[in-house]
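# Analysis of the macromolecular model
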Amino acid sequence: QVQLVESGGGLVQPGGSLRLSCAASGIIFSIYDMGWYRQAPGKQRELVASITSGGSTNYADSVKGRFTISRDKAKNTVYLQMNSLKPEDPAVYYCNARPVVPRLGQYEYWGQGTQVAVSS
């Protein structure tokens, strides 16, 4: 069974930090691109950061210099280190797994989401 288990969300003060984790199971982790998306109330889901199977990263302009995405092949886990959190960062954050080359039995997967709140 495929699972993307997210953790690390919570409530922090502006300027604080959180580290989100997404543990993947049931997939061949090395052939999936991974990403973090977020969706705030009343807004569309947006890509925050992504990391390819080869380790290349991309970030939304709004989080560049503050967020860092990484992956641990040994643990089949992708992380999102969030520093200098701002009032506009609160949202539900979702982990995403996408096969680089989709094949039979390989699909895109989403985590259940983890809530990030920023409050003074």
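Below is a summary of the structure that appears in this document. Note that this is a predicted model, so its numbers are computed, not measured.

### So, the overall build of the protein chain
- When helices and strands are tallied, the protein chain shows zero helices and 11 strands.
- Each helix and strand of the protein chain, ordered N terminal to C terminal, gives the series β-β-β-β-β-β-β-β-β-β-β.
- In terms of overall dimensions, the protein chain is globule-like: its C-alpha atoms have a radius of gyration of 14 Å, near the 14 Å expected for 120 residues.
- The buried share among the 120 residues of the protein chain stands at 42%.
- Taking contacts inside the protein chain between residues at least 6 apart in sequence as the whole, the part at least 24 apart equals 55%.
- When the accessible surface of the protein chain is totalled, it reaches about 6,500 Å², and 49% of it is carbon and sulfur.
- Here the protein chain carries 12 positive and 8 negative side-chain charges, and the mean point of each set is 3 Å from the other.

### Things to note about the pattern of salt bridges
- Overall, the coordinates contain five salt bridges when judged by the stated rule.
- Residues participating in the shared-partner salt-bridge network are R38, E46, R66 and D89.

### Re the sheet that holds strand β8 (residues 77-82)
- Pairing in this open sheet of four strands is antiparallel, and the strands run β1-β3-β8-β7 from one edge to the other. Since the sheet does not close on itself, it has two edges, and those belong to β1 (3-7) and β7 (67-72), each with one partner. For this sheet, the mean inter-axis angle between neighbouring strands, taken without regard to orientation, is 15 degrees.
- For strand β3 (residues 18-25) and β8, the ladder comprises six bridges, and the chain directions are antiparallel. Its bridge partner lying in β8, A23 is registered against T77.

The rules behind the values
Residues numbered from 1 in each chain as written. Predicted model: local features only at pLDDT ≥ 70, side-chain atom pairs only at ≥ 80, totals over all residues. Heavy atoms only, no water. Helix = DSSP H or I, 4+ residues; strand = E, 2+ residues; numbered from the N terminus. Rg over C-alpha atoms; globule rule 2.2 N^0.38 Å. Buried < 20%, exposed > 50% of the residue type's maximum accessible area, 1.4 Å probe, protein only. Contact = heavy atoms within 4.5 Å. Areas by Shrake-Rupley, 256 points an atom, 1.4 Å probe, with all protein chains shown as cover. Lys, Arg positive; Asp, Glu negative; His and termini not counted. Charge placed at Lys NZ, Arg CZ, Asp CG, Glu CD. Salt bridge = Lys/Arg side-chain N within 4 Å of Asp/Glu carboxyl O. Pairing = 2+ DSSP bridges. Axes fitted to C-alpha atoms, helices over the stretch in contact; angles between N-to-C directions.

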